[in-house]
Amino acid sequence: MFGFDINYNDTTMRYLVANWKAYKTNEQAITWMDSFTSLLSTNETVQQNLNNDGLAIIIAPSYLVLGEIKDKLKSVSNNKNIYLAAQDVASVDRENVTGDVTVEQLKDIVEFIIVGHSEHRALHNETEKEIQEKIELVHDNGLKSILCISKAEQFLAQADLIAYEPIEAIGSGKNASNEEILQFRHSLPQNFQKPFLYGGSVSLADVDEYLQVEDINGFLVATHSLDPQEFIQIAERL
């Protein structure tokens with residue numbers, strides 16, 4: 001849909017994921033996109049980084065507004081390296097699952113799916129087996145996975161992007177330090193080469209400091225992605 005050809009072995013690419021959680025109605029999502037596209041059109045730094053494959057922006061709204069955001073993205077004059085993600089997916093790909101959204105329903109709308117976010121794991125008692133099944137379904141249907149982790153897991157190598165989110169930092173404002181992030185990154189297998197993102201109360205105020213850590217390839221941003229102006233400013237730092 002948007003030139004889906006990211007090279008995941010390219011460590012110079014930065015990734016910025018907007019996780020809206022359950023925020024934003026259809027009307028609010030449209031307003032956000034209108035502001036975002038307007039800000040993007042006047043920000044030469046972000047445009048250049050997108051066009052030169054130095055930056056990928058991934059927007060992850062709730063299921064409710066995926067269609068609205070997809071339509072808005074089509075209207076962006078230059079939408080290279082701007083992608084759409086779902087925040088989760090059913091662990092089974094069949095139609096008789098009340099209340100779930102399957103990969104079959106998502107694959108023509110999104111390019112990425114977030115899997116294993118700590119809030120979803122906790123609220124839905126999600127098991128590692130279910131998370132692995134989701135990753136396999138995502139890949140079998142030609143999509144890419146963003147795996148959220150707070151510890152090393154056996155199926156790390158199957159994911160396309162890894163987002164480290166220490167549980168105590170999610171929605172708390174208690175960000176992990178550079179030292180803590182590096183310690184976790186270095187605890188992963190030595191042959192682990194996938195893009196490594198940090199997600200845990202990330203804001204504009206933190207980004208410059210985090211980018212001093214060479215091992216960080218980008219961010220998964222929640223609350224501070226809800227303001228399009230701050231989100232663009234974060235993108236500009238990358």
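See the structure above.
The structure reproduced in this document is the subject of the present report. Note that the structure is a prediction, hence the values are computed from the model and not measured. (Residues numbered from 1 in each chain as written. Predicted model: local features only at pLDDT ≥ 70, side-chain atom pairs only at ≥ 80, totals over all residues. Heavy atoms only, no water.)

Focus: the overall build of the protein
For the protein, the count of helices and strands is 9 helices and 8 strands. The C-alpha atoms of the protein give 17 Å as radius of gyration, which agrees with the globular expectation for 238 residues (18 Å, within 12%). Residue burial in the protein is summarised as follows: out of 238 residues, 53% are buried. Long-range pairs, those at least 24 residues apart, make up 69% of the contacts in the protein with a sequence separation of at least 6. (Helix = DSSP H or I, 4+ residues; strand = E, 2+ residues; numbered from the N terminus. Rg over C-alpha atoms; globule rule 2.2 N^0.38 Å. Buried < 20%, exposed > 50% of the residue type's maximum accessible area, 1.4 Å probe, protein only. Contact = heavy atoms within 4.5 Å.)

Some words on the pattern of salt bridges
Applying the stated criterion across every chain, the model contains 9 salt bridges. Between K107 and E104 there is a salt bridge whose closest N-O contact spans 3.1 Å. We classify E104 as partly exposed; its relative accessible area is 44%. One network of salt bridges, with partners in common, ties together D88, E126 and K134. (Salt bridge = Lys/Arg side-chain N within 4 Å of Asp/Glu carboxyl O.)

Considering helix α1 (residues 26–41)
Relative to the 22 Å expected for 16 residues at 1.5 Å per residue, α1 spans 23 Å between its end C-alpha atoms, a close match to the ideal helical length. Looking only at α1, the buried set comprises A29, W32, M33, F36 and L40. Taken down its axis, α1 places every buried residue within 100 degrees of arc, on the same side. Buried positions along α1 lie against α2 (44–51), β2 (55–60), α3 (66–74), β3 (82–86) and α9 (228–237). (Expected span 1.5 Å × (residues − 1). Arc of directions from axis to C-beta.)

Quick notes on a negative patch on the surface
Where like charges cluster on the molecular surface, the negative patch consists of E168, E179, E180 and E209. By the secondary structure assignment, E168 is in the loop between β6 (161–164) and α7 (178–187). (Patch = residues over 30% accessible without salt bridge, like charges linked within 9 Å, V, L, I, M, F, W, Y side chains within 5 Å. Areas by Shrake-Rupley, 256 points an atom, 1.4 Å probe, with all protein chains shown as cover. Lys, Arg positive; Asp, Glu negative; His and termini not counted. Charge placed at Lys NZ, Arg CZ, Asp CG, Glu CD.)

Looking at the sheet that holds β3
The 8 strands lie next to each other as β1-β2-β3-β4-β5-β6-β7-β8, forming a closed barrel whose pairing is parallel. Strand-to-strand, the axes of this sheet are offset by a mean angle of 25 degrees, without reference to chain direction. Pairing of β2 with β3, which is carried by 3 bridges, proceeds in the parallel orientation. Considered in β3, the bridge of I58 is made with Y83. Strands in contact with α2 are β2 and β3; relative to β2, the strand with the most contacts, it is inclined by about 100 degrees. (Pairing = 2+ DSSP bridges. Axes fitted to C-alpha atoms, helices over the stretch in contact; angles between N-to-C directions.)

So, the packing of aromatic side chains
This model, assessed by the stated rule, comprises 11 aromatic pairs. For the pair W32 and F231, a centre-to-centre distance of 5.8 Å together with 55 degrees between the ring planes defines the contact as tilted. In this pair, W32 sits in helix α1 while F231 sits in helix α9, placing the two residues 199 residues apart along the sequence. When the centroid spacing of 6.4 Å and the interplanar angle of 25 degrees are considered together, the rings of F184 and F196 count as stacked. A residue pair is termed long-range when its members are at least 10 positions apart, and F184 in helix α7 and F196 in strand β7 (residues 196–198) qualify at 12 residues. Counting every residue linked through ring pairs, the aromatic cluster contains Y164, F184, F196, Y198, Y210 and F219. The ring of W20 has K24 lying over it, and the distance from NZ or CZ to the ring centre is 5.6 Å. (Phe/Tyr/Trp six-rings, centres within 6.5 Å; stacked < 30°, edge-to-face > 60°. Lys NZ or Arg CZ within 6 Å of the ring centre and 35° of its normal.)

A few points about the pairing of strand β1 (residues 14–19)
For β1, the buried fraction is high: 5 of the 6 residues fall into the buried class. Two elements, β1 and β2, share 6 bridges in a ladder whose sense is parallel. Counterpart to A18 in the pairing with β2 is I59.

Just distances and angles here, no functional claims.
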